Amino acid sequence: MEIIDRAGMSSYMSSPTPVETKPKLSVTSSTPFEDSTLYRSLAGALQYLIFTRPDITYAVQQVCLCMYDPKDEHMHALKRILRYIRGTIDHGLHLYPSSTSTLVSYTDADWGGCPDTRRSTFGYCVFLGDNLISWSAKR
């Protein structure tokens, strides 16, 4: 909630997803965001939040790619993440006693998905019983 308050978004409606599903962010959009310090501060705070919120990892990674020269389009994406967090404030990593000790892993990749560099994104998560014990997302 502190990050949402710092962004001045306490009264905003929540978003069902942290990122748009169709278009990808481009680092070459035209209109620069006027307060790059605020953008960097919020994006940096979200980087710490992903330790307990793996559901926003991809979206945060996308907005952090543009920290050196944020555009209005990037700030809109960052605000969408904050709106999603507002609606899912009780989500996060929780460890519970589990009756099963099965180790299960999932993986996904977006090969060549960045419109600017054609680089790929890869991620995985590992569960022990019902508990998430390891995860990663890389570009």
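The coordinates are above.
In what follows, the accompanying structure is described. (Residues numbered from 1 in each chain as written. Predicted model: local features only at pLDDT ≥ 70, side-chain atom pairs only at ≥ 80, totals over all residues. Heavy atoms only, no water.)

### Some points on the sheet that holds strand 2 (residues 121-128)
Part 1: Pairing is antiparallel across the open sheet formed by 3 strands, whose spatial order is 1-2-3. Lying at the two open borders of the sheet, with one neighbouring strand each, are strand 1 (103-110) and strand 3 (131-138). Going from strand to strand, the sheet's axes swing by 10 degrees on average, the running direction of each strand aside.
Part 2: Relative to strand 3, strand 2 runs antiparallel, the two being bridged by 7 bridges. Its bridge partner lying in strand 3, Y124 is registered against S136. (Pairing = 2+ DSSP bridges. Helix = DSSP H or I, 4+ residues; strand = E, 2+ residues; numbered from the N terminus. Axes fitted to C-alpha atoms, helices over the stretch in contact; angles between N-to-C directions.)

### So, the nonpolar core
Part 1: Grouped together as the largest cluster of nonpolar side chains are 24 residues, with contacts concentrated most on L78, I81 and L82.
Part 2: If you list the elements that add at least two residues to this core, you get helix 1 (2-6), helix 2 (36-49), helix 3 (57-64) and helix 4 (72-87).
Part 3: Element by element, the count of residues in this core is highest for helix 4, at 6 residues.
Part 4: What L78 contacts, discounting residues up to four positions off in sequence, is Y39, L42, A43, L46 and V63. (Core = buried A, V, L, I, M, F, W, Y, C linked by side-chain atoms within 4.5 Å. Buried < 20%, exposed > 50% of the residue type's maximum accessible area, 1.4 Å probe, protein only. Contact = heavy atoms within 4.5 Å.)

### Describing the environment of S14
Part 1: One can find S14 in the loop between helix 1 and helix 2.
Part 2: Taking relative accessible area as the criterion, S14 reaches 40% and is therefore assigned partly exposed.
Part 3: Sequence spacing of S14 and W111 is 97 residues, and the spatial spacing of their C-alpha atoms is 30 Å.
Part 4: With residues up to four places along the chain from it excluded, the contact list for S14 reads R83, R86 and G87.

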